[in-house]
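Okay, here's what each chain looks like letter by letter:
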Amino acid sequence: MERKMWAIWRFAFFRLILLFYIVYRVSGNAEGDALNALKTNLADPNNVLQSWDPTLVNPCTWFHVTCNSENSVTRVDLGNANLLGQLVPQLGQLSNLQYLELYRNNISGRIPDELGNLTNLVSLDLYLNNLSGPIPVTLGKLQRLRILRLNNNTLSETIPMSLTTIGTLQVLDLSTNRLTGDIPVNGSFSLFTPISFNNNLLNKLPASAPPPLTPSTPTPSAGSLIRDFCRLIGRESLDRRQKENLLDCS
């Protein structure tokens, strides 16, 4: 009886260990799966993604990937890597990502709406690519974003008003695209000069109206000052000589 109970407990223990292993592997490799989806969607003539092995438990040993102490991806640095292809919506699964650096490549297609799920993102650098389509409204959810550079692409349509709600935004460059409509001037966009929007099809900002002139108070004449002085001291208090020598109160 004891031997049978021991066998049952041992079987249950091993099943529990296996379950934990599966759960850990699935959760630990979810970010690796997301990055592998990006790799699969890109042409990599310089083999910069050669170390991206999807069979590993997590992608923290891959080149161009940085993780935190909990083995969660915080940086993807693939700037100037001669990559071609398109971005993938799976990037939105990198919940702890802070820096997404994909500038100076040949990436085309649209910016995925799912990038708005990267709520820990501090820097989004997608400039000098061939990205097209609109700027996703969902990027307004990136309330920790400090740097947004989408310049030198072929992005079109209007600038989402949701971007003006990002109070942490310090660097903005949307220049050299095909954006249309008005340039927002409210919220965080009040800090940025026209250089952030150059070389688009945007409407020009209206010229600022000059400040209203404050009406000037007329300066009293010398005669009125004398008359006021005379009324103050009274005409009868001055004798003839004072009137002749000091002032004329007639």
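This text follows the structure it describes.
Calculation criteria
- Residues numbered from 1 in each chain as written.
- Predicted model: local features only at pLDDT ≥ 70, side-chain atom pairs only at ≥ 80, totals over all residues.
- Heavy atoms only, no water.
- Pairing = 2+ DSSP bridges.
- Helix = DSSP H or I, 4+ residues; strand = E, 2+ residues; numbered from the N terminus.
- Axes fitted to C-alpha atoms, helices over the stretch in contact; angles between N-to-C directions.
- Polar contact = N/O pair within 3.5 Å; in protein donor to acceptor, adjacent residues only side chain to side chain.
- Salt bridge = Lys/Arg side-chain N within 4 Å of Asp/Glu carboxyl O.
- Buried < 20%, exposed > 50% of the residue type's maximum accessible area, 1.4 Å probe, protein only.
- Disulfide = S-S within 2.5 Å.
- Contact = heavy atoms within 4.5 Å.

A. Molecular detail of the sheet that holds strand S7 (residues 123–125). Read from one edge of the open sheet, 6 strands run S2-S3-S5-S7-S9-S11, paired in mixed fashion. Of all strands in the sheet, those with a lone pairing partner are strand S2 (65–67) and strand S11 (171–173), marking the two edges. Each neighbouring strand pair of the sheet contributes to a mean axis angle of 15°, computed without reference to strand direction. Sheet topology note: the S7/strand S9 (residues 147–149) ladder contains 3 bridges and is parallel. Considered in S9, the bridge of Leu124 is made with Leu148.

B. Focus on the sheet that holds strand S4 (residues 84–86). Pairing within the open sheet is mixed, and its 7 strands lie in the order S1-S4-S6-S8-S10-S12-S13. Each edge of the sheet is formed by a strand with only one pairing partner; in this case those strands are strand S1 (42–43) and strand S13 (201–202).

C. Expanded view of the side chain of Asn120. Here Asn120 lies in the loop between strand S6 (106–109) and S7. Among the polar contacts listed, one links the side chain of Asn120 to the side chain of Arg144, at a separation of 2.6 Å.

D. The arrangement of the pattern of salt bridges in detail. Following the criterion strictly, the structure yields 2 salt bridges and no others. Here Asp125 ties to Arg149 by a salt bridge, and the two come within 2.7 Å at their closest N and O atoms. Residue Asp125 is found in strand S7, and its partner Arg149 is found in strand S9; the two are separated by 24 residues along the sequence. Overall, the relative accessible area of 2% leaves Asp125 in the buried class.

E. View of the state of the cysteines. In the structure shown here, the tally under the stated rule is 1 disulfide. Sulfur-sulfur distance for the disulfide between Cys60 and Cys67 comes to 2.2 Å. Looking along the S-S bond of the Cys60-Cys67 disulfide, the torsion reads about -95°, which is the left-handed sense.

F. Region of the structure containing the side chain of Thr164. Its place among the elements puts Thr164 in the loop between strand S10 (154–157) and S11. Reaching out from Thr164, the side chain makes a polar contact with the backbone oxygen of Met161 at a distance of 2.6 Å. Leaving out residues up to four positions away in the same chain, Thr164 has contacts with Pro184, Asn186, Gly187, Ser188 and Phe189.

G. Spatial organisation of unusual backbone geometry. Phi at Arg104 is positive, roughly 55°, even though this residue is not glycine. Inspection of the secondary structure puts Arg104 in the loop between strand S5 (99–101) and S6.

Remember that the coordinates give geometry; whether it matters functionally is a separate question.
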